[in-house]
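Fold and geometry: a report
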Amino acid sequence: MRELFVEKVIDTTGEFLDNNQRIKLKEILTEICLNYHIEILEQNKKQEIQKNNEEILKKFISSKEIEGCSVRTLKYYKDNITKMLDTVNLPINEITTETLRNYLSNYKNNSTAGMVTIDNIRRTLSSFFAWLENEDYIVKSPVRRIHKVKATKKVKETLTDENLEKLRDTCSNVRDLAILELLISTGMRVGELTRLNISDMNFQERSCIVLGKGNSEREVY
């Protein structure tokens, strides 16, 4: 097809180009068409890789949904894995340990992410590639040789009695004060409090059942 196109163009130039000019024009057109053809092939290959990776990722997310992962966790999985796949632009079965090491290193250097965030991404990728191994998409997970990222552990500061009183003073109604006192006395997370129902409260025992991470219930007092 490319050769036929070039020949037709050359045939139309016979009246105003000499033989040497036509030869040079043929060389230029042949090179342009060849490069264009290569670009199209590369683009098609990239789209095919992206489509296949998206289909596999969709199956992984579905499996995690069946396991009971929250919507927030599923989105975190999808966003991080999609970003990795788009960056490396390789078929899943061609992604190596070195590829992922370079990805994590570049991610750290090109963003403000801390070591805890980098390790969270590593754990997400580990879960994904372990699933790929179990489902026989790959022979062995490339994340196995990427060890846990060490991060500095900081002691969390607690609110002083003075700060607690300042918070109490800012409450403009009984509802806000009740929310604040419940958080202080039980130590529950804000997300756990927002999912709390009246039926979860035991006023006689001064306790309540909260739904925490991983959809696990626990009792707080």
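Keep in mind the model is a prediction, meaning the values are calculated, not measured.

Looking now at the sheet that holds strand β3 (residues 217-220). Strands sit in the order β1-β2-β3 across an open sheet of three strands; the sheet is antiparallel. In this open sheet, the two strands that pair with only one neighbour each are β1 (201-202) and β3. Note that strand β2 (residues 207-211) and β3 share four bridges and pair antiparallel. Looking across to β3, one finds that Val-210 is bridged to Arg-218.

Turning next to the environment of Val-190. By secondary structure assignment, the location of Val-190 is in helix α8 (residues 190-194). For the pair Val-190 and Ile-179, spaced 11 residues apart in sequence, the C-alpha to C-alpha distance is 9.5 Å.

What follows concerns the packing of aromatic side chains. For the structure shown, the criterion picks out six aromatic pairs. Taking 5.6 Å as the distance between ring centres and 65° as the angle between the ring planes, the aromatic pair formed by Phe-60 and Trp-131 counts as edge-to-face. One end of the pair, Phe-60, is in helix α2 (residues 19-66); the other, Trp-131, is in helix α5 (residues 115-134), and 71 residues separate them in sequence. On the basis of relative accessibility, which here comes to 0%, the residue Phe-60 falls in the buried class. By relative accessible area, which is 13% here, Trp-131 ends up buried. Three or more aromatic residues joined by ring pairs form one cluster here, namely Phe-60, Tyr-77, Phe-128, Phe-129, Trp-131 and Tyr-137.

What counts as what
Residues numbered from 1 in each chain as written. Predicted model: local features only at pLDDT ≥ 70, side-chain atom pairs only at ≥ 80, totals over all residues. Heavy atoms only, no water. Pairing = 2+ DSSP bridges. Helix = DSSP H or I, 4+ residues; strand = E, 2+ residues; numbered from the N terminus. Phe/Tyr/Trp six-rings, centres within 6.5 Å; stacked < 30°, edge-to-face > 60°. Buried < 20%, exposed > 50% of the residue type's maximum accessible area, 1.4 Å probe, protein only.

Remember that the coordinates give geometry; whether it matters functionally is a separate question.
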